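Okay, here's what each chain looks like letter by letter:
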Amino acid sequence: MDQKTIKEAFQSRYGDPKLVVRSPGRVNLIGEHTDYNLGFVLPAAVDKEIIFALAPSADDQAQLHAVDLNDQIGFDPQNFSKSEKNWANYGLGVVDQLRQRGYTIPPFNCAFGGNIPQGAGMSSSAALECGLALGINELFDLGIDKIELVKLAQKAENEFVGMNCGIMDQFASVFGKARQALKLDCRSLEYQYYPAEIAGYKIVLFNSGVKHSLVDSEYNVRRSQCEEGVAILQQQGEEIESLRDVTLAMLNKYQDKLSPIVYQRCAYIVRENQRVEDACQALANQDLATFGQKLYESQQGMQQEYEITVPETEFLVDQTRNEPAVLGGRQMGGGFGGCTINLIEESAIDRTANQLAQTYKESFSLDLEVYIADIVNGTETMDNVR
Ligand code: GLA
């Protein structure tokens, strides 16, 4: 779904758009489930995106038109509640956040659509929230800065959609930068870019096609296990605010106070934060072998300690271990399916992907989808509105 299609869809219903916005999905190189523990993540915005066409409306209703789904909703921006249409709540949640912050949003029309695969762990929901938030901000000159847009997009998902996500996806969608990965400190929200386009290598995603129904509930279970660990350490007198402040030595000191599961979950987070630091250092040194190794270590942690992998994604990663052209790989995103992210030598991508698709089909009767991810800029308006 390209810019032209979205603009035409808009024009056929509402006339000329005043503004066109693009908002990308994201990959996460490393740092999984660390965001809500106020640790480090290393995502990047990628060339799978949602395009929005917008204009103010003379009607008393706002219209959101999902071009891919051929579906739409009309609502009064001053007075609406949760929709039965799941997709609509990501947009309504954004308007709700603006309203809660005291903005009066006039009626507007918006048509949107894109090519971010659903359920693949590439954050199509964050792209939708961030694109609409930036679009409304520009359309009505609200003057909200980028960091506030990120925060309100995250809150829209937490409060309106009811998914208790961290800040990584929205931050990556808005602050992404071409050819760079973004190391974000989720406690201070300080960030730093690392060159992530590496000559001869590409980021390749293998979509397992598995969308685990447990992802939302298990996500929240992991969150509360981490919170339980923090609460117990605080009861022991440790002055900590989150797992970010915890070391392995501290965890080991109180191991007998923590249940084995809570210990395991906390140990994963502490180690994963360290892996993000190590991976960034490796990128800075252009040491791709170490970088790839960190991806495999992250996978092992997610599989054995955090227990968020599934046989399909484990298989997809394991199959690459003896392939020298693959430097590293791991399951990406919230867990229980979705894509694996791999760093692969460019000349070997086709061969590796074809072999893997075949063995994957033989083992799980599932088709493998392959995406080569190019790193692009974050959410922005597009100039050439005609
Ligand atoms: C989902 C959430 C993010 C993050 C990841 C796991 O994508 O939306 O906030 O927690 O899972 O790293």
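Keep in mind that what you see is a predicted model, and the values were worked out from it rather than measured.

Trainee: Looking at this model, I keep getting lost on the layout of surface pockets. Mind explaining?
Mentor: Unfilled space is identified by rolling a water-sized probe across the atoms. Looking at the largest pocket, its volume works out to about 1,200 Å³. Together, 48 residues line the largest pocket, and Y90, G119, S123, S124 and S125 are the ones closest to its centre. Contributing elements (two or more residues each) for the lining of the largest pocket: α2 (86–100), β6 (108–114), α3 (124–139), α4 (146–161), α5 (168–175), β9 (201–211), α6 (215–235) and β11 (337–345). Taken together, the residues of the lining of the largest pocket break down into 21 nonpolar, 19 polar and 8 charged.

Trainee: I keep staring at the packing of α3 against α5 and nothing clicks. Help me out?
Mentor: Two measures define how a pair of helices packs: the angle their axes make with one another and the distance between the axes. Relative to each other, α3 and α5 sit at 55°, their axes nearing to 9 Å. When the axis of α3 is compared with that of α5, the two are oblique. In the crossing of α3 with α5, the sense of the turn from one axis to the other is right-handed. In contact with A126, A127, E129 and C130 of α3, α5 contributes D169, Q170, S173 and V174. Across the contact of α3 with α5, the residue classes tally to 4 nonpolar, 2 polar and 2 charged.

Trainee: What is the right way to read the side chain of N207 from this model?
Mentor: Tracing the sequence through the fold places N207 in strand β9. Overall, N207 belongs to the buried group, its relative accessible area being 8%. Side-chain polar atoms of N207 contact the side chain of Y371, separated by 3.0 Å. Beyond its immediate stretch of four places on either side in the chain, N207 contacts A120, G338, C339, D367, L368, E369 and Y371.

Trainee: What's the story with the pattern of salt bridges in this structure? I'm lost.
Mentor: Side chains carrying opposite charge are able to pair once their charged atoms draw close together. Counted by the stated rule, this structure contains 25 salt bridges. One salt bridge connects D169 with R26, and the closest N-O pair in it is separated by 2.7 Å. Residue D169 is located in helix α5, and its partner R26 is located in strand β1 (residues 19–28); the two are separated by 143 residues in the primary sequence. Accessibility assignment for this pair places D169 and R26 in one class, buried.

Definitions and limits used
- Residues numbered from 1 in each chain as written.
- Predicted model: local features only at pLDDT ≥ 70, side-chain atom pairs only at ≥ 80, totals over all residues.
- Heavy atoms only, no water.
- 1 Å grid on protein atoms, 1.4 Å probe; cavity = no way out; pocket = protein on both sides within 12 Å on 5 of 7 lines; lining within 4 Å.
- Points joined across faces, edges and corners; volume = space filled by probe spheres on them.
- Helix = DSSP H or I, 4+ residues; strand = E, 2+ residues; numbered from the N terminus.
- Nonpolar A, V, L, I, M, F, W, Y, C, P; charged D, E, K, R; others polar.
- Axes fitted to C-alpha atoms, helices over the stretch in contact; angles between N-to-C directions.
- Parallel < 35°, antiparallel > 145°, perpendicular 65-115°, else oblique.
- Left-handed = near helix turned anticlockwise from the far one by under 90°.
- Contact = heavy atoms within 4.5 Å.
- Buried < 20%, exposed > 50% of the residue type's maximum accessible area, 1.4 Å probe, protein only.
- Polar contact = N/O pair within 3.5 Å; in protein donor to acceptor, adjacent residues only side chain to side chain.
- Salt bridge = Lys/Arg side-chain N within 4 Å of Asp/Glu carboxyl O.

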